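A look at the structure
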Amino acid sequence: MTLLLFLAILDGLAYAAQVFMVAVGLTLIFGVLRILNVAHGSFFAIGGYVAATLGTWAAATAAAPALALPVLLLAAVMVGGVLGPAIERLVLARIYTKEHVLQLLVTFALFMILEDVQKLIWGVQPIFQDGPVRALGQVEVGDIIYTAYQLYLLPGVALATLFGLMWFLRRTLTGRVIVAVTEDREAATAMGIDANRVYLLTFTVGTVLAALGGALASPTTSLVPGVGVNMIVLSFAVVATAGLGQIEGAMLTALLIGLGRSVAVYFAPEFEVVIPYIIMVAVLLIRPHGLFGRPELRRV
């Protein structure tokens with residue numbers, strides 16, 4: 001029993017790190033742009049597919065071990081750098097002032113289009129490339145043999161992302177400009193801040209984070225059509241439970257949901273799928289604005 005619980009905790013930490021990478025991008029975009037981006041799950045999936053494709057190419061070269069990890073970051077930057085600015089400028093910039101229902105419909109349409117693009121490029125057969133896992137090898141934790149990739153790299157990247165975002169938003173000029181636009185766009189614009197540029201930067205960063213989450217997940221899971229659906233639904237659960245726009249809260253909530261799901265896998269498999277949403281409903285019944293959210297005043 002103790003061994004299974006310890007293994008569940010290790011799995012939960014690794015899974016929570018993956019979920020956090022996607023959820024933090026989603027909550028960052030909402031916090032600034034005020035758009036719930038359903039297409040965010042597609043960025044996760046495409047990041048995973050591109051990482052697996054680059055990993056397969058890297059495995060065929062003489063420098064395979066050295067390239068195993070850099071291709072994950074390269075895939076995230078490629079996906080975020082291309083899709084982020086294109087979608088924000090061509091699509092989202094046209095609907096910022098529209099009703100939230102229309103925004104959801106537009107981003108859902110984007111999600112469906114990107115799902116078909118994935119099938120067109122990579123087909124419907126499972127794709128798997130575990131080069132980074134094999135490159136880092138295994139470690140012994142007590143009586144458990146565990147992959148170093150899931151034990152060290154995934155939580156390490158998640159923590160680095162959290163603290164990096166906190167430092168960026170609070171200690172840099174660009175970060176403070178983003179916070180100013182988040183708090184009051186009209187006042188920030190009146191002071192000479194280009195809100196459109198802030199929106200473009202924020203959406204691109206959020207897209208890179210989602211793609212990085214997919215790239216990091218690709219060595220540990222098979223990529224199949226629909227993988228983005230599962231992740232975006234779970235990310236919405238994390239964001240809603242933490243409170244919309246709460247970056248630090250997203251980490252703690254991802255940890256709570258990741259550990260809850262992992263414990264269910266080992267001790268009550270029939271509840272694996274519903275545990276994250278049971279947690280979300282329980283929290284929202286007590287705190288409708290989320291664990292770390294707060295009511296906001298709306299201008300009329």
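Quick notes on the rules
Residues numbered from 1 in each chain as written. Predicted model: local features only at pLDDT ≥ 70, side-chain atom pairs only at ≥ 80, totals over all residues. Heavy atoms only, no water. Helix = DSSP H or I, 4+ residues; strand = E, 2+ residues; numbered from the N terminus. Buried < 20%, exposed > 50% of the residue type's maximum accessible area, 1.4 Å probe, protein only. Contact = heavy atoms within 4.5 Å. Patch = residues over 30% accessible without salt bridge, like charges linked within 9 Å, V, L, I, M, F, W, Y side chains within 5 Å. Areas by Shrake-Rupley, 256 points an atom, 1.4 Å probe, with all protein chains shown as cover. Salt bridge = Lys/Arg side-chain N within 4 Å of Asp/Glu carboxyl O. Axes fitted to C-alpha atoms, helices over the stretch in contact; angles between N-to-C directions. Parallel < 35°, antiparallel > 145°, perpendicular 65-115°, else oblique. Nonpolar A, V, L, I, M, F, W, Y, C, P; charged D, E, K, R; others polar. Core = buried A, V, L, I, M, F, W, Y, C linked by side-chain atoms within 4.5 Å. Pairing = 2+ DSSP bridges. Expected span 1.5 Å × (residues − 1).

On to the overall build of the protein, then. Helix and strand content of the protein: 13 helices and 2 strands. Dimensions of the protein, computed from C-alpha atoms along their principal axes, come out at roughly 60 × 45 × 35 Å. Out of the 300 residues in the protein, the part that is buried amounts to 47%. Long-range contacts, defined here as pairs at least 24 residues apart, represent 76% of the contacts in the protein between residues at least 6 apart.

Turning to a nonpolar patch on the surface, a few remarks are in order. A cluster of nonpolar side chains, L4, L5, I9, L13, L255, V263 and F267, forms an exposed patch at the surface whose accessible area comes to about 490 Å². When you line up the elements, L5 lands in helix α1 (residues 2–33). When its relative accessible area of 39% is taken as the criterion, L5 is described as partly exposed.

The next subject is the packing of helix α7 (residues 148–171) against helix α8 (residues 173–183). Where α7 contacts α8, the two axes come as close as 5 Å, and the packing angle between them is 80°. Put simply, α7 runs roughly perpendicular to α8. Where α7 approaches α8, its residues F168, L169, R170 and R171 are matched on the opposing element by L173, T174, G175, R176, I178 and V179. Of the residues in the contact of α7 with α8, the class split is 5 nonpolar, 2 polar and 3 charged.

Counting residues in hydrophobic clusters, the biggest one holds 86 residues, and the most contacted among them are F20, M21, I87 and L216. Broken down by element, this core gets its largest block of residues, 15 residues, from α1. If near-sequence neighbours (up to four positions away) are discounted, I87 is found in contact with F43, L92, L110, L114 and F203.

Let's shift gears to the pairing of strand β1 (residues 138–141). Here β1 pairs with strand β2 (residues 144–147) via 4 bridges, running antiparallel. Looking across to β2, one finds that V139 is bridged to Y146. Linking β1 to β2, which pair antiparallel, is a turn of 2 residues; within it G142 sits at a positive phi near 65°.

Before going further, it helps to spend a moment on the side chain of S218. Within the secondary structure, S218 is located in the loop between α10 (195–217) and α11 (227–242). Residue classification places S218 among the buried residues on the basis of a relative accessible area of 2%. Residues within four places of S218 in sequence aside, it is in contact with G48, A51, A52, L72, F128, Q129 and L223.

To continue, consider α11. The terminal C-alpha atoms of α11 lie 23 Å apart, and with 16 residues this matches the ideal 22 Å at 1.5 Å per residue to within 8%. For α11, the set of buried residues is V227, G228, M231, I232, L234, S235, A237, V238, V239, T241 and A242. Tucked inside the fold, the buried residues of α11 contact α1, α2 (40–59), α5 (100–122), α12 (247–267) and α13 (275–286). Once α11 ends, the next one or two residues include G243, with phi positive near 115°.

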